[in-house]
Amino acid sequence: MALQDAANTKGEDIPSEAALPLGAATGVLVNVTGTTNITSISEAPAGVERKIIFDGVLTIVHNAVSLINLGGVDIVTVAGDTAEFRSLGGGNWQMFDYSRASG
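Residues numbered from 1 in each chain as written. Predicted model: local features only at pLDDT ≥ 70, side-chain atom pairs only at ≥ 80, totals over all residues. Heavy atoms only, no water.

Draft legend 1. A look at the pairing of strand β9 (residues 82-89). With five bridges joining them, strand β5 (residues 49-54) and β9 adopt antiparallel strand pairing. When the bridges of β9 are listed, Lys-51 appears paired with Glu-84. As paired elements, β9 and strand β10 (residues 92-99) share seven bridges and run antiparallel to each other. Within β10, the position partnered with Gly-89 by the bridge is Asn-92. The turn linking β9 back onto β10 is made up of two residues, and Gly-90 within it adopts a positive phi angle of 65°. (Pairing = 2+ DSSP bridges. Helix = DSSP H or I, 4+ residues; strand = E, 2+ residues; numbered from the N terminus.)

Draft legend 2. The sheet that holds β10, seen in detail. Strand order in the open sheet formed by six strands is β1-β3-β5-β9-β10-β7, and the pairing between neighbours is mixed. At either margin of the open sheet sits one strand with a lone partner, and together these are β1 (14-15) and β7 (67-68).

Draft legend 3. Representation of the nonpolar core. Of all hydrophobic cores here, the largest spans 20 residues; its most connected members are Leu-20, Leu-22, Ile-41, Ile-52, Phe-54, Ile-60 and Phe-85. Of all the elements, β10 adds the most residues to this core, at three residues. Once residues within four sequence positions are removed from consideration, Ile-41 is found in contact with Leu-20, Leu-22, Gly-23, Leu-67, Phe-85, Gly-91 and Trp-93. (Core = buried A, V, L, I, M, F, W, Y, C linked by side-chain atoms within 4.5 Å. Buried < 20%, exposed > 50% of the residue type's maximum accessible area, 1.4 Å probe, protein only. Contact = heavy atoms within 4.5 Å.)

Draft legend 4. Seen up close, the environment of Glu-43. Tracing the sequence through the fold places Glu-43 in the loop between β4 (40-41) and β5. The spacing of Glu-43 and Phe-85 is 42 residues in sequence and 12 Å in space, taken between C-alpha atoms. With near-sequence residues (within four places) excluded, Glu-43 lies in contact with Gly-23, Gly-90 and Gly-91.

This is the structure:
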């Protein structure tokens, strides 16, 4: 059980950047602070998953290969929105869940 708990910890907050360093997150759950639009996510082994809680307004820019958003569109976040991504390897990520703070 302790190993599973360690794998599901909240990591340090990550400031938003065009190339979000999510692959280096210190936990599975991370807050993304700031308002810089995200156009890519750093590399992580295939299968790695991360859940993000957004602290502000920014755009997650869809890319059909490297940053695959639900619906194939850009997504504008607001504080409290959450997104879950899975690494496909090679710096490519796919969003598999998105929840609005407002429901």
